[in-house]
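Results of the structural survey
Given next are the chains, with one letter for each unit.
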Amino acid sequence: MRKLVLVVALLCLPFVLFAQTTVVDDSFSRMGAWIPGYGDWSVERGRLVQESTAVGMARIDREVPQDGVYQIDFTIRYVDGGYRSMADYESGRYHAGFGVHLGVTDPPLRGKSWGNDESYLLWLNLDTRPDTRRNAGAHYGFRAQVYESSDHVTMDLMRSSEMRRLFGDSRASVDLVRALEEVSGQRFAVSDLRPYLRRDIPVSIRVNTRTGEVGVKDPTAPIRFYFNVDPDMLDGDYVSLRTNALAASFDNFTVTRR
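Quick notes on the rules
- Residues numbered from 1 in each chain as written.
- Predicted model: local features only at pLDDT ≥ 70, side-chain atom pairs only at ≥ 80, totals over all residues.
- Heavy atoms only, no water.
- Pairing = 2+ DSSP bridges.
- Helix = DSSP H or I, 4+ residues; strand = E, 2+ residues; numbered from the N terminus.
- Polar contact = N/O pair within 3.5 Å; in protein donor to acceptor, adjacent residues only side chain to side chain.
- 1 Å grid on protein atoms, 1.4 Å probe; cavity = no way out; pocket = protein on both sides within 12 Å on 5 of 7 lines; lining within 4 Å.
- Points joined across faces, edges and corners; volume = space filled by probe spheres on them.
- Nonpolar A, V, L, I, M, F, W, Y, C, P; charged D, E, K, R; others polar.
- Buried < 20%, exposed > 50% of the residue type's maximum accessible area, 1.4 Å probe, protein only.
- Contact = heavy atoms within 4.5 Å.

On to the pairing of strand S3 (residues 41-44), then. Looking at chain direction, S3 and strand S4 (residues 47-50) are connected through four bridges and run antiparallel. Residue pairing for S4: Val43 is matched across the bridge by Leu48. Counting the residues between successive antiparallel strands, the hairpin from S3 to S4 contains two residues, one of them, Arg45, with a positive phi of roughly 50°.

Printed below as a string of structure tokens:
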């Protein structure tokens, strides 16, 4: 009997070690704890929506104490925007983005800002404008980026030796199309993103504030990509959602702790 109890205990151990507690569970029947900062934010049909396609620094904040190991999950759905005119749309000149600020302690509540206290912004950016290709190559294409914010006005791409070693550039700006091509050996284009419009795209971010490890899950496969940031900047009291020139809606925002 003692042996049986020991076996059961060993089998259950992984579940105990990795048990999660849900600390935030927002299904957006109302605005609740979310505080609009800049942009046109509302709750419609059970979704949090940023409706403006013209706003470049839309942001909304929510108090979420961040320490230890936690995970943020939500879905995002494209609504409108990403191009200035039908001529730009037809010629493939796009510009839009969205992301999540982590580790914010003192956000500019109900205000507009470029940066967001001391924090990291995990950003997904699409920019196919010719001027960007000529003058700002690190932002051209479909990119996963990490910005380091020092205060409400100072923010730029994070730089690290890890990024230089992996991608040949210290700036945290990964060309996702090129990365997919290198992994799969197939050719991709921005037009391949169109089937993902008008549907919920899952976002999952796992954060270890002790080590600085951040893992972002691939929405199309059971793979999580990890990178490292300064752990001292990950302890915070707020997270923020942001969009740029993009109307989008969000749902099922949860935060779980280990």
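Right, picking up where we left off after that structure.
Owing to its 3.6 residues per turn, the α-helix aligns residues three or four sequence positions apart on the same side. By the N-cap criterion, in which a side-chain oxygen at the helix start approaches the backbone nitrogen of a residue two or three places on, helix H5 (residues 176-184) is capped by Asp175, the distance to Val177 being 3.2 Å. Of the residues one or two after H5, Gly185 is the one with positive phi, at around 75°.

Right, let's get into the layout of surface pockets. The space that makes up the second largest pocket amounts to roughly 350 Å³. Residue lining of the second largest pocket: 14 residues in total, with Phe167, Ser173, Val174, Asp175 and Arg178 positioned closest to the centre. Its residues placed into classes, the lining of the second largest pocket shows six nonpolar, two polar and six charged.

Turning next to the side chain of Arg62. Residue position: Arg62 is located in strand S5 (residues 58-66). Taking relative accessible area as the criterion, Arg62 reaches 12% and is therefore assigned buried. At a separation of 2.7 Å, a polar atom in the side chain of Arg62 contacts the side chain of Asp26. With residues up to four places along the chain from it excluded, the contact list for Arg62 reads Val24, Asp26, Ala33, Trp34, Asp237, Tyr238 and Val239.

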